[in-house]
Amino acid sequence: MREFFTGVRTLGRGFGMWRTHPKLLALGLLPAVIAFVVLAAALVPLALTLGQLTDWITPFADGWVTPWKDLLRVGLGIVILIAALALAGAVFTALTLTIGDPFYQRIWRGVERSLGGSEPTGDTGLWTTIGEGIRLVLLGILVALLTLAIGFIPVVGGVLATVTGVFLSGRLVARELTGRAFDARGFTTSARSQLLRSGRARVIGFGVATQLCFLVPFGAIIAMPAAVAGSTILARALSERAGISVVPQGMQPPPPPPPPRHA
């Protein structure tokens, strides 16, 4: 739990950059607004037609007596909305980072300079960003489908679906956000995965906090630049804890040490 809340505080440090580096983080607002508008154009019609959608999915309940018919369709509507929001977090992250790649490159490099020490100079590349974004969306679809399936569990399905959706989508978002800082350090995909596993609780804490911010109306716009800043802090912290700063090009990074065990 200590590591989990360290991850939450890391996002808080990212938000603190709005106070110390407001012009830098403001660069990330426009891409976030564009991605938010695109997603809203899909989610708002879904929310408005949710009643018709649940009626169409459950024609077998037309003859049911009240309140069972209404309970079934309201519960199904909530589960569909939860799954849609879980997917929306992944799509928003992928779309925003792809649209605003030059701006977010400046943000995370600016955060690296403000932290001092060795600054990674590797180039992540636009095609890498696009590829990672596609991967994130595909995994987000799987999370949404899993969330939808869990939602059908009687009695506890809604709560379990919400927790699962936030937990898994937050983990995906954290991995995507830290990708640029790790790639610029010269880490391979395998080494990056090992680092994320070594700080699993911290990564999940950061990702869950970010995902919850994304669920607040208009919160995603302000949170996205802060999340990029926080993910840079997170990537550096995990790298330094593993004793790795910047890997010279062509050299394979050593594996990180196992995560610390707390009593």
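Residues numbered from 1 in each chain as written. Predicted model: local features only at pLDDT ≥ 70, side-chain atom pairs only at ≥ 80, totals over all residues. Heavy atoms only, no water.

What follows covers the pattern of salt bridges. Inspection of every chain in the model, using the stated rule, returns 5 salt bridges. Taking the shortest distance from any N to any O, the salt bridge between Arg 202 and Glu 3 comes out at 2.9 Å. Highlighted residues: Arg 202 in helix α10 (residues 200-215) and Glu 3 in helix α1 (residues 2-20), separated in sequence by 199 residues. One exposure class covers both Arg 202 and Glu 3, and it is buried. Asp 183 serves as the salt-bridge partner of Arg 192, at 3.6 Å between the closest nitrogen and oxygen. (Salt bridge = Lys/Arg side-chain N within 4 Å of Asp/Glu carboxyl O. Helix = DSSP H or I, 4+ residues; strand = E, 2+ residues; numbered from the N terminus. Buried < 20%, exposed > 50% of the residue type's maximum accessible area, 1.4 Å probe, protein only.)

Attention shifts here to the packing of α1 against α10. Orientation of α1 relative to α10, taken along the N-to-C sense of each, is 50°, at an axis distance of 6 Å. As far as their axial angle goes, α10 and α1 are oblique. When the axes of α1 and α10 are compared, the crossing they make is right-handed. On α10, the residues that touch Glu 3, Phe 4, Thr 6, Gly 7, Val 8, Thr 10, Leu 11 and Phe 15 of α1 are Ala 201, Arg 202, Ile 204, Gly 205, Phe 206, Val 208, Ala 209, Thr 210 and Cys 213. Each residue belonging to the contact of α1 with α10 can be placed in one class, and the counts come to 10 nonpolar, 5 polar and 2 charged. (Axes fitted to C-alpha atoms, helices over the stretch in contact; angles between N-to-C directions. Parallel < 35°, antiparallel > 145°, perpendicular 65-115°, else oblique. Left-handed = near helix turned anticlockwise from the far one by under 90°. Contact = heavy atoms within 4.5 Å. Nonpolar A, V, L, I, M, F, W, Y, C, P; charged D, E, K, R; others polar.)

For the rest of this paragraph, the subject is the nonpolar core. Ranked by size, the top nonpolar core spans 40 residues in total, and within it Phe 92, Leu 177, Met 224 and Val 228 carry the most contacts. With 11 residues, the single largest contributor to this core is helix α11 (residues 219-241). If we skip the residues at most four places from it in the chain, Val 228 touches Leu 97, Tyr 104, Ile 107, Trp 108 and Leu 177. Within the second largest apolar cluster, 6 residues are counted, among which are Ala 86, Ala 90, Leu 136 and Val 143. (Core = buried A, V, L, I, M, F, W, Y, C linked by side-chain atoms within 4.5 Å.)

Note that every value here comes from positions in space, so none of it alone points to a role or purpose.
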